[in-house]
Amino acid sequence: MLKQEAIDLLAKHRNGAISVTTMQTAAPWHLGGHTNAFHLEASACMGSASSLGLGLALGTPDRKVVVLDGDGSLLMQLGSLVTIAGHAPRNLYHFVFANGHYESSGNQPLPGNGKSDFVALARAAGYAVALRCSTAEQLDRALPDVFAREGPALIELVVERDDATPRWAGVPMAEMVRKLRADLGVA
Amino acid sequence: MSTSVSTEPVATGIPGTELANALRALGVTHVICVPDTMQKTAIDSLAATAPPELLYVCTEDEGIGINAGLYITGHQPMLLIQNNGLYACINTLKAIALDAQVPTFMLIGQYGRDPLLTPDASPRRAVNRLEPTLQAWNVPFERIEGPADLPKLRAMWDRSRSTKGPAAAIVGAATI
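Just so you know, these numbers come straight off a predicted model, no measurement behind them.

**Concerning the overall build of chain B**
Scanning chain B from N- to C-terminus turns up 8 helices and 6 strands. Radius of gyration (C-alpha) of chain B: 15 Å, near the 16 Å computed for a compact globule of 176 residues. Overall, chain B is about 50 × 35 × 30 Å in size when its C-alpha atoms are taken along their principal axes. The 176 residues of chain B split such that 53% are buried.

**Focus on the overall build of chain A**
Looking only at helices and strands, chain A features 8 helices and 8 strands. Relative to a compact globule of 187 residues, whose C-alpha radius of gyration would be 16 Å, chain A shows 15 Å and is just as compact. With respect to the principal axes defined by its C-alpha atoms, chain A has extents near 45 × 35 × 30 Å. With 187 residues in all, chain A has 46% of them scored as buried. For chain A, restricting intrachain contacts to residue pairs at least 6 apart in sequence, the fraction spanning at least 24 positions comes to 76%.

**Some details on unusual backbone geometry**
Residue Gly151(A) is joined to Pro152(A) through a cis peptide bond whose omega torsion reads 5°. Considering the arrangement of structural elements, one finds Pro152(A) in the loop between α7 (136–148) and β8 (153–158). Ala50(B) connects to Pro51(B) through a cis peptide bond whose omega is -5°. Considering the arrangement of structural elements, one finds Pro51(B) in the loop between α2 (40–48) and β2 (53–56). Although it is not a glycine, Met23(A) sits at a positive phi angle of roughly 50°. Not every positive phi belongs to a glycine, and Asn138(B) is a case in point at roughly 55°. Relative to the assigned elements, Asn138(B) resides in the loop between α7 (130–136) and β5 (141–144). The class of Asn138(B) is exposed, set by 10 C-beta atoms lying within 10 Å.

**Some words on the pairing of strand β4 (residues 92–98) of chain A**
All names here are of chain A. Among the 7 residues of β4, 7 are classified as buried, and the element is accordingly described as predominantly covered. Neither face of β4 is left uncovered, since the one carrying Leu 92, His 94, Val 96 and Ala 98 and the one carrying Tyr 93, Phe 95 and Phe 97 both have all their residues buried. Relative to β4, strand β3 (residues 65–70) runs parallel, the two being bridged by 6 bridges. If you follow Leu 68 over to β4, its bridge partner there is Phe 95. Where β4 and β8 come together, 6 bridges link them in parallel fashion. Counterpart to Val 96 in the pairing with β8 is Glu 156.

**Thoughts on the interface of chain A and chain B**
Listed by partner, the interface residues are 26 residues for chain A and 24 residues for chain B. When contributions to the side of chain A that touches chain B are tallied by element, the ones reaching two or more residues are α3 (49–59), α5 (80–87) and α8 (173–183) of chain A. Here the side of chain A that touches chain B gets 8 residues from one element, more than from any other, and that element is α3(A). Residue composition of the side of chain A that touches chain B, by class: 13 nonpolar, 12 polar and 1 charged.

**Focus on the confidence of the model for chain B**
As a note on interpretation, predicted positions should not be read in detail where pLDDT is low. When pLDDT is averaged along chain B, the result is 96, and 97% of the positions lie at 70 or above. Both confidence scores are given for the complex: pTM 0.96, ipTM 0.96.

**A closer look at the pairing of strand β4 (residues 104–109) of chain B**
Residue and element names in this part refer to chain B. Burial of β4 is extensive: 6 of the 6 residues sit out of reach of the surface. Burial along β4 is two-sided: Thr 104, Met 106 and Ile 108 facing one way and Phe 105, Leu 107 and Gly 109 facing the other are all buried. Bridging between β4 and strand β6 (residues 166–171) involves 6 bridges; their strand directions are parallel. When the sheet's bridge partners are listed, Gly 109 is paired in β6 with Val 171.

**A look at the sheet that holds β4(A)**
All names here are of chain A. Spatial ordering of the open sheet is given by β2-β1-β3-β4-β8-β7, a layout of 6 strands whose pairing is parallel. Strands at the two margins of the open sheet, each flanked by one partner only, are β2 (39–42) and β7 (129–133). Across the sheet, the axes of successive neighbouring strands diverge by a mean angle of 15°, strand direction being ignored. Taken together, the 4 bridges between strand β1 (residues 18–22) and β2 define a ladder with parallel strand orientation. Among the inter-strand pairings, Val 20 is bridged to a residue of β2, identified as Leu 40. Across the sheet, α3 lies against β1, β2, β3 and β4, angled at about 175° from β3, the strand it touches most.

**A word on the sheet that holds β4(B)**
Residues and elements named next belong to chain B. Across the sheet, 6 strands lie side by side as β2-β1-β3-β4-β6-β5; this open sheet has parallel pairing. Both outer strands of the open sheet, β2 and β5, are each paired with one neighbouring strand and no more. The sheet shows a mean angle of 20° between the axes of neighbouring strands, direction not considered. In terms of strand pairing, β5 meets β6 through 4 bridges, oriented parallel. If you follow Phe 141 over to β6, its bridge partner there is Ala 168.

**Some words on α8(A)**
Owing to its 3.6 residues per turn, the α-helix brings residues three or four apart onto one side. Of the positions making up α8(A), those classed as buried are Met173(A), Met176(A), Val177(A) and Leu180(A). Seen from one end, α8(A) has its buried residues packed into an arc of 105°, which puts them on one side. When the buried face of α8(A) is taken as reference, the exposed residues oriented beyond 90 degrees from it are Glu175(A) and Ala182(A). In this fold, the buried residues of α8(A) make contact with β2 of chain A together with α3 (60–72) and α5 (90–99) of chain B.

How each quantity is defined
- In this convention, every chain numbers its residues from 1, walking through the sequence in written order.
- The order in which chains are written sets their letters, starting at A; the order in which ligands are written sets their numbers, starting at 1.
- Per-residue local features of the predicted model are confined to residues with pLDDT of at least 70, and side-chain atom pairs are confined, for both listing and counting, to 80 or more; whole-chain, interface and lining totals are unaffected and use all residues.
- Numbering of helices and strands runs from the N terminus, with a helix taken as a DSSP run of H or I at least four residues long and a strand as a DSSP run of E at least two residues long.
- Note on method: radius of gyration uses C-alpha positions; expected globular size equals 2.2 Å times residues raised to 0.38.
- Whether a residue is buried, exposed or partly exposed follows from its count of other C-beta atoms within 10 Å of its own C-beta, namely 20 or more, 12 or fewer, or something in between, respectively; the C-beta atoms are built from the backbone.
- Any residue pair is listed as a contact if its two C-beta atoms, each placed from the backbone, are within 7 Å.
- Two strands pair under a simple rule: DSSP has to find at least two bridges between them.
- Think of it as three bins: nonpolar holds Ala, Val, Leu, Ile, Met, Phe, Trp, Tyr, Cys and Pro, charged holds Asp, Glu, Lys and Arg, and polar takes everything else, Gly as well.
- A residue's pLDDT is simply how confident the predictor is in it, with values from 0 to 100.
- Only C-alpha atoms enter the line fits that serve as axes; for helices the fit covers just the stretch in contact. Angles between N-to-C directions range over 0 to 180 degrees.
- Directions drawn from the helix axis to the C-beta atoms are what define this arc.

Listed below in structure tokens is the structure:
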């Protein structure tokens, strides 16, 4: 599927969840207008989206947290799958945009040559839910069921390589931290 | 901070229960831990009695991210790691603790330190490079060389809150 299709569907089904983006998902999620509230971007810390999401999920057990991770990003903190599964946050939904490339730096191929399997890794780590969606239709059908189930859930999204990722200046992460705390009513 | 080689220990072990109780007194809600040999008995004490909640993680990078998520949601977390772990997570420390201005209090064990030597006199890089590394990143720190230094934990904890950034307390001898 196209990355933008997956972005649009996650926005459609988000339903008030805190979102965490990083790298390839940051610009389209922002440009789609989905970062105005309850949002955090892992900027300049590639690999940290899953860990930020875990902390947020543990800290707000009554609110869902959706992490829009990248495959290259997740590989940088792959052990976080084990940590997440161990702490078992029921409200954490971990979407991995898998295009097989380091998109932000020029679409170099990921190590592994496509042999690795994030769904199998998540299952082996102990995630409660792990599945793959390759088309927008599959994802649209799957999301209501996914969000009705208890996490932690990992959903690998097979997306096409994007050679024209929009660039944007970004919002300083410190500003997003302050805004998210305010959104959550934390002094 | 002085440099010295002594026949008497420069650093003496703090009872683990005292260190754990000092953290409780700070109001810490979560201790995010990549286990450190130097702080074993403190970890044992934390594991035995909550609060704070003890969260084991795979890497210090993860710990800094989780610390941020818990802070954002209104909790008062901290990290318990060792010197080698600090070196492993510099980029995440830069991005989240410094740039994103997240209070990040770190209790760092000086793994491999000879308690007869000050850290800068240690022949081990893991030990003698810790303070220069923290200084290079403008991370304030205090040495916790024995029970008398426990009040310095409060100073560094408060510093991490007031500056919205990292601050460290360095445990110089194995807890007992």
